[in-house]
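# An overview of the molecular structure
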Amino acid sequence: MTDDDGELEARLAEGESFEPPASFVEQANAADPAIYEEFEENWPECWEQAADLIDWYEDYDEVLDESNAPFYEWFVNGKTNASYNCLDRHLEDRGDEIALQWVGEPVDEADRAFTYEELHKEVNEFAAGLRDLGVEADDVVTMYMPMVPELAIALLACARIGAPHSVVFAGFSADALATRMNAAESEYLLTCDGYYRRGDPLDHFSKANNGLSGVDHDVSTIVVDRLGDDGFGHDLSDDQTAYADLIAENEGATVEPVERDAEDMLFLMYTSGTTGKPKGVKHTTGGYLSWAAWTAQNVLDIKPEDTYFCSADIGWITGHSYIVYGPLALGTTTMMYEGTPDYPDKDRLWEIIEEYEATQLYTAPTAIRAFMKWGRSYPDKHDLSSLRLLGTVGEPINPRAWKWYYTHIGDEECPIVDTWWQTETGGMIVTTLPGLKTMKPGSAGPPLPGVDVRVVNVAGEEVDPGQAGYLTVHKPWPGMLRTLYNNDERFIKEYWQEYSDPEADEWVYFPEDGAKIDDNGYITVLGRVDDVINVSGHRLGTMEIESAIVGVEGVAEAAVVGGSHDIKGEAVYAYVITEEGYEENEELRQRIIDGVNEAIGPIAKPESVVFTPELPKTRSGKIMRRLLENIANGEELGNTSTLRNPDVVEDIQARAQNS
Ligand code: WT7
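Residues numbered from 1 in each chain as written. Predicted model: local features only at pLDDT ≥ 70, side-chain atom pairs only at ≥ 80, totals over all residues. Heavy atoms only, no water.

### Considerations on the overall build of the protein
Heads up, the rule is: Secondary structure elements follow DSSP: runs of H or I of four or more residues count as helices, runs of E of two or more count as strands, with numbering from the N terminus. Throughout, radius of gyration means the C-alpha value; the globule benchmark is 2.2 Å times the number of residues raised to the power 0.38. Each residue gets one of three labels from its accessible area relative to the maximum for its type: buried under 20%, exposed over 50%, partly exposed in between, using a 1.4 Å probe on protein chains only. Contact criterion: two residues are considered in contact whenever any of their non-hydrogen atoms come within 4.5 Å of each other. Just so you know, the count uses Lys and Arg for positive and Asp and Glu for negative, and it drops His and the chain ends. A charged residue contributes its charge at one atom only: NZ of Lys, CZ of Arg, CG of Asp or CD of Glu.
Counting its regular elements, the protein contains 22 helices and 30 strands. A compact globule built from 659 residues would reach a C-alpha radius of gyration of about 26 Å, and the protein, at 24 Å, matches this within 12%. Principal-axis analysis of the C-alpha atoms places the extent of the protein at approximately 75 × 60 × 60 Å. Burial analysis of the protein (659 residues in total) assigns 60% to the buried set. Nonlocal contacts in the protein, meaning residues at least 24 apart in sequence, comprise 71% of its contacts between residues at least 6 apart. The average position of the 48 basic charges and that of the 125 acidic charges among the side chains of the protein differ by 6 Å.

Take a look at the structure:
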């Protein structure tokens, strides 16, 4: 590595591409270039290859049933269990190998490792404990947990007894927890006393209890003691049980994994959409697990002897698919880190990778941009030569950040997979197979084999290479969501209405992303085309944030847009009209920021709040968000001639500059 990156920079500017390093190609899991053609010719039977990665109690009769599209069914009548596939079947060969390597935030605390044997034991005990509390198959169990091993254990315990889990990101607010528990009618909650953030214990239990007070039915809660003596001395109420007691009471218990139909729900995951209410994305047992395992094997190149590190949080889909289910189904060692990358210093990830000789790193562009800003001296202090593959997910990665990652983390020896997917897709959809495909920085790559992704215009016709259009998926895939929980109608409306032709029984999935495609079929994702903001790779609905802001006393109306941000990718910009009699002042601005924090969580906090007497509106009264985006980005204003109140825009622009 040299400081002179001039040559690489020039190649990037020309849009030059990179071949997978030879040392990687030699050993890649996906090694046969014929796979693309074979999967196309042999679709949907090609996906038997994914189903073959897991064990089935009963074989499926049919790979795909399309008769009730878009309610597709995969691996019809097959019976399996995700917990069995992630644990029991590895015991004989890999029982003493490490399944889960956990690293806590405090550096002076011992890390915790669970062998497959040990993880199996605790999952069984907790599954027995859940049954003691009355949890039965199909009861939704909510988890509101930081990155501690008990979260992974709980996922697998639920899967074992056929109880779908619904994980709510620990950084979300109490209100967000209540909304999700009410929507899922979830009567069980796993939470904890707290966790560490930048060296300090943080009280999580009070937040969970505040959330519970907003749940409209009885809830039985299990509480993990994470902080020990650093805890806040909370007492448990009658409907709250200590996790440790539940485990102790079930010491040595075994719970037979229940046979689940391939189409039975494995979990729910709430995600943001255009309208206010979060959507409960439903994933199934057979299709989802096969997809997580197949993509983990072929894209992340996971092998059982690897030590694989994904720095995401299990509170998001990335952690579900690529910390827990995919890696464990393949019998590898998966890592889990509690803290942030810059505590106690900005080399913490590199220290962890060096110590455990991690073989893959899967992270987000927002993190890479932060690493870049901190400088190469941090990774340079550590031996990162154990790394074989790098991955990114969550948002587009700009070529400069790609280059930095390739050079300073991968030492030009590791392919980078830029993986495009969503909560709804269950796993990766568009990315390069790392041993087979040329890498083009900034472009996610071609669709995976057997996946039919196209870029179309508003009329649904494919656009020419280089033209911007909409990303669409034209064939179903095993990992896809099956519906939105209790809301088939919204499922159709949100994802299938735009480009499908129901009369011709032609179904096209619309993920609400813009994209362009090049002559070689490589897709560059341009970002969301709906009212969803992607902050640090996390999806937030503008409507959710707006309703939090108008809930603040003194606010009459609000509009929220995403504006570009160096590290976060996008940040939240709010434009607010005050109510008669309220002053536009710092105090109100702070209450607005606090209101968003309370309703959603710190990630949704506005970067800037601009007060304005009016919002730019069309004659029909619709807010022109595009113009507000121009202002947030400091860009030249777009066309204002269709506005009812064109003068207001320049006024807002001036106010934004002064705020
Ligand atoms: C949205 C999905 C997939 C797990 C994390 C986010 C954006 C995701 C990429 C990528 C460009 C990407 C899209 C997508 N996105 N990966 N590699 N390149 N954009 O899951 O919260 O469901 O968000 O993230 O806009 O629709 P999510």
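### Some remarks on the nonpolar core
Applicable threshold: Each nonpolar core is a collection of buried residues, namely Ala, Val, Leu, Ile, Met, Phe, Trp, Tyr and Cys, held together in the definition by side-chain atoms within 4.5 Å.
Residues W47, L119, F126, M143, L300 and Y325 are the most contacted members of the largest nonpolar core, which totals 120 residues. With 10 residues, helix α8 (residues 149–161) is the single largest residue contributor to this core. Every residue in contact with F126, bar those within four places of it in the chain, is listed here: I153, A154, A157, L190, I222, Y243, L246 and I247. Of all hydrophobic cores here, the second largest spans 35 residues; its members include A208, V552, I593 and A604.

### Digging into the sheet that holds strand β7 (residues 165–167)
Note the cut-off: At least two bridges found by DSSP between two strands is the condition for calling them paired. Axes here refer to lines fitted to C-alpha atoms; in helices the fit is confined to the stretch in contact. Angles between the N-to-C directions go from 0 to 180 degrees.
The mixed open sheet is built from 8 strands, whose spatial order is β12-β11-β8-β6-β7-β14-β15-β23. With one partner strand each, in any of the chains shown, β12 (240–242) and β23 (483–484) form the two edges of the open sheet. Sheet analysis places β7 next to strand β14 (residues 265–271), joined by 2 bridges and oriented parallel. Across the sheet, H165 pairs through a bridge with F267, a residue of β14. Here helix α9 (residues 174–184) sits on the sheet and contacts β6 (141–143), β8 (188–192) and β14; the angle it forms with β14, its principal contact strand, is near 140°. In the packing of helix α13 (residues 317–329) onto the sheet, contacts are made with β7, β14 and β15 (279–284), and the angle to β14 comes to roughly 145°.

### Digging into the pairing of β15
By the criterion of burial, β15 is predominantly enclosed, with 5 of the 6 residues buried. As defined by bridge partners, β15 adjoins β23 across 2 bridges and the pair is classed as antiparallel. Paired with V281 across the bridge in β23 is L484.

### Observations regarding the domain arrangement of the protein
To keep things clear, this is the line we draw: For the domains described, the bounds stem from an automatic or database domain assignment. As a working definition, buried area equals the accessible area (1.4 Å probe) given up by two parts on being put together, with both sides summed. Counted as salt bridges are all cases of a side-chain nitrogen of Lys or Arg within 4 Å of a carboxyl oxygen of Asp or Glu. Pairs of N or O atoms are called polar contacts if they sit within 3.5 Å, as long as, within protein, a hydrogen donor faces a hydrogen acceptor (for residues adjacent in sequence, only side-chain-to-side-chain pairs). Side-chain classes follow a simple rule in which Ala, Val, Leu, Ile, Met, Phe, Trp, Tyr, Cys and Pro form the nonpolar group, Asp, Glu, Lys and Arg form the charged group, and the remainder, Gly included, forms the polar group.
Domain boundaries in the protein define domain 1 (22–484) and domain 2 (531–658). Its C-alpha centre places domain 1 at a distance of 33 Å from the equivalent point of domain 2. Buried surface at the junction of domain 1 and domain 2, both sides included, amounts to about 1,700 Å², of which 49% is carbon and sulfur. Where domain 1 touches domain 2, the interface holds 1 salt bridge. Two residues, E424 and R539, come together in a salt bridge whose shortest N-O distance is 2.8 Å. One can count 11 residue pairs in polar contact (both at pLDDT 80 or more) joining domain 1 with domain 2. The residue makeup of the side of domain 1 that touches domain 2, split by class, is 6 nonpolar, 12 polar and 7 charged.

### Examining the packing of helix α15 (residues 365–374) against helix α17 (residues 399–409)
Our working definition: Each angle gets one of four labels, with under 35 degrees taken as roughly parallel, over 145 as roughly antiparallel, 65 to 115 as roughly perpendicular, and the rest as oblique.
Where α15 meets α17, the closest approach of the two axes is 10 Å, and the angle between their N-to-C directions is 70°. The orientation of α15 relative to α17 falls into the category roughly perpendicular. Facing α15, whose interface residues are I368, R369, F371 and M372, α17 presents R400, A401, W404 and Y405. A class-by-class count of the residues in the contact of α15 with α17 yields 6 nonpolar, no polar and 2 charged.

### Describing the site of the ligand
Going by this rule: One heavy atom within 4 Å of a molecule or strand makes the whole residue count as near it. Using the Shrake-Rupley algorithm and a 1.4 Å probe, accessible areas are obtained, with residue cover drawn only from the displayed protein chains.
Taken together, 18 residues sit near the ligand, with D418, T419, T423, R528 and R539 positioned nearest. Here a nitrogen atom of the ligand and a backbone polar atom of G394 are 3.1 Å apart. In the model, a nitrogen atom of the ligand is placed 2.8 Å from a nitrogen or oxygen of the D418 side chain. About the coverage of the ligand: the protein hides 96% of its 550 Å² of free accessible area. Partitioned by chemical class, the residues of the shell around the ligand number 6 nonpolar, 7 polar and 5 charged.

### Looking at the packing of helix α12 (residues 286–298) against α13
With their axes 8 Å apart at the nearest point, α12 and α13 run at an angle of 85° to one another. When the axis of α12 is compared with that of α13, the two are roughly perpendicular. Contacts from Y288, L289, A292, A293, T295 and A296 in α12 reach H320, S321, Y322, Y325, G326, P327 and A329 in α13. Grouping the amino acids of the contact of α12 with α13 by side-chain chemistry returns 9 nonpolar, 4 polar and no charged.

### Some remarks on α15
Counting buried residues in α15 gives 8 out of 10 residues, a clear majority hidden from the surface. Restricting attention to buried positions, one finds in α15 the residues P365, T366, A367, I368, R369, A370, F371 and M372. Buried-residue contacts for α15 involve α14 (348–356), β18 (360–363), β19 (389–393), α17 and β29 (569–578). G375 sits one or two positions beyond α15 and adopts a positive phi of about 100°.

### Brief notes about α8
Here is the rule: Expected helix span is taken as 1.5 Å per residue step, with the number of steps being one fewer than the number of residues.
The first and last C-alpha atoms of α8 sit 19 Å apart over 13 residues, in line with the 18 Å expected at 1.5 Å per residue. With respect to burial, α8 is a largely interior element, 13 of its 13 residues being buried.

### Quick notes on the pattern of salt bridges
For the structure on display, the rule yields 37 salt bridges. Note that D347 is salt-bridged to K381, the shortest N-O span being 3.9 Å. Of the two residues, D347 sits in the loop between β17 (333–337) and α14 while K381 sits in the loop between α16 (377–380) and β19, which places them 34 residues apart along the sequence. Judged by relative accessible area, which is 8%, D347 ranks as buried. Notably, a salt bridge pairs E546 with R625, separated by 2.6 Å at the nearest N-O pair. Of this pair, E546 sits in helix α19 (residues 542–550) while R625 sits in helix α21 (residues 625–632), and the two are 79 residues apart along the sequence.

### Let's talk about the packing of aromatic side chains
For clarity, the threshold we go by: Here is the rule: rings of Phe, Tyr and Trp (six-membered ring for Trp) pair when centre to centre is within 6.5 Å. Planes less than 30 degrees apart are stacked, more than 60 are edge-to-face, and the remainder are tilted. Throughout this description, the term charge over a ring refers to an Arg CZ or Lys NZ atom that lies within 6 Å of the ring centre and within 35 degrees of the ring normal.
Tallying each qualifying case throughout the model produces 36 aromatic pairs. Plain terms: the ring middles of F39 and W47 are 5.2 Å apart, the flat faces sit at 85° to each other, and that makes the pair edge-to-face. The residues F39 and W47 share a single accessibility class, namely buried. Ring geometry for W402 versus Y406: centroids 4.9 Å apart, planes at 20°, classification stacked. Of this pair, W402 and Y406 both sit in helix α17, separated by 4 residues, roughly a single helical turn. Linked through ring pairs, F71, Y72, W477, F491, Y495, W496, W507 and Y509 together constitute an aromatic cluster. Over the face of the ring belonging to Y36 we find K437, whose NZ or CZ atom lies 4.3 Å from the ring centre.

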